[in-house]
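The lines below spell out each chain.
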Amino acid sequence: MDLNTFKFKFPLQLRWNDMDALGHVNNAMFVTYFEVARGHYMLKACPGWDWHKHMFLIGNVNVDYRKELLLNAEKTAVWMRTSKIGTKSFILEYAVVSEKNGDTVVHATGSTTQIMFDMKSRSTIEVADWVRDALTNFEK
C-alpha cells in the first residue's frame, strides 16, 4: 500500500482500554479508529458538511489485520482517502500505521461504504453534487 496516495492523516492516541488480554489493540477498536478519523476527514474534505443536515449510513466495513498494534507504538495514525464515488454511496479507504525505527508499520487496512441517507424520508438519496465535487477535489 502506497501511503503517498493518501492525503489525509489523523493521529491516534492509544488507550489502555483499547487493549485486550493478548496485550495488543483489540480487533474491534480498528473500526472505532476508522469512525473517529472519518468524522475529521469529512469536515476537512467537505468544508460545508453539517452533521445535522447531511447524513450517511455505513453499508459495509472491511478490516484486514496485518500486524499487531501495541500500546507503546509511536506516531500511530489513520491515513484515509476516498477511493470511489457512486450514485448513492462512496467508499473510503483506511490504513492504521505507526512508526518504528523510522519505518512505517501498517497494522491494518480497510474500507467503509457510506450510503447517503435522508433522515426525514428515512430513505437513501443520491450523493449531492457538492459532496462529490468536494471529495474529488480534495483527493486531487
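Note: the structure precedes this text.
The model shown is predicted, which means the values in this text are computed figures rather than measured ones.

(A) Region of the structure containing the nonpolar core. Within the largest apolar cluster, 31 residues are counted, with the highest numbers of intra-cluster contacts made by Tyr 33 and Tyr 41. Mapped onto this core, the elements with two or more residues apiece are β1 (8–11), α1 (27–45), β3 (74–85), β4 (89–100), β5 (103–118) and α2 (129–139).

(B) Expanded view of the side chain of Thr 76. Following the sequence through the fold, Thr 76 ends up in strand β3. Judged by its relative accessible area of 5%, Thr 76 is buried. Every residue in contact with Thr 76, bar those within four places of it in the chain, is listed here: Pro 11, Leu 12, Leu 14, Leu 69, Val 97 and Ser 98.

(C) Just the pattern of salt bridges, in detail. For the coordinates displayed, the defined rule picks out three salt bridges. The partner of Glu 99 in a salt bridge is Lys 75, with the nearest N and O atoms 3.8 Å apart. You can see Glu 99 sitting in strand β4 and its partner Lys 75 sitting in strand β3, a full 24 residues away along the chain.

(D) Structural context of the side chain of Asp 18. In this structure, Asp 18 sits in the loop between β1 and α1. With residues near it in sequence (within four places) discarded, Asp 18 still touches Gln 13, His 24, Val 25, Asn 26, Met 29 and Tyr 33.

(E) Here's a closer look at a nonpolar patch on the surface. Taken together, Val 31, Ile 58 and Val 61 make up a surface patch of nonpolar side chains, about 200 Å² in accessible area. Looking at Ile 58, the relative accessible area reads 37%, which means it is partly exposed.

(F) Broad picture of α2. Of the residues making up α2, those classed as buried are Val 131, Ala 134, Leu 135, Phe 138 and Glu 139. Along the long axis of α2, the arc covered by the buried residues comes to 120°, so they all point the same way. Its buried side turned inward, α2 meets β1, α1, β3 and β4.

(G) Seen up close, α1. Here α1 is 19 residues long and its end C-alpha atoms lie 27 Å apart, about the 27 Å a rise of 1.5 Å per residue gives. Met 29, Phe 30, Tyr 33, Phe 34, Ala 37, Arg 38, Tyr 41, Met 42 and Ala 45 are the residues of α1 that are buried. Buried-residue contacts for α1 involve β1, β2 (55–65), β3, β4, β5 and α2. Where α1 begins, one side-chain oxygen reaches toward the backbone nitrogen of Ala 28, 2.9 Å away; that side chain belongs to Asn 26.

Definitions and limits used
Residues numbered from 1 in each chain as written. Predicted model: local features only at pLDDT ≥ 70, side-chain atom pairs only at ≥ 80, totals over all residues. Heavy atoms only, no water. Core = buried A, V, L, I, M, F, W, Y, C linked by side-chain atoms within 4.5 Å. Buried < 20%, exposed > 50% of the residue type's maximum accessible area, 1.4 Å probe, protein only. Helix = DSSP H or I, 4+ residues; strand = E, 2+ residues; numbered from the N terminus. Contact = heavy atoms within 4.5 Å. Salt bridge = Lys/Arg side-chain N within 4 Å of Asp/Glu carboxyl O. Patch = residues over 30% accessible without salt bridge, like charges linked within 9 Å, V, L, I, M, F, W, Y side chains within 5 Å. Areas by Shrake-Rupley, 256 points an atom, 1.4 Å probe, with all protein chains shown as cover. Arc of directions from axis to C-beta. Expected span 1.5 Å × (residues − 1). Polar contact = N/O pair within 3.5 Å; in protein donor to acceptor, adjacent residues only side chain to side chain.

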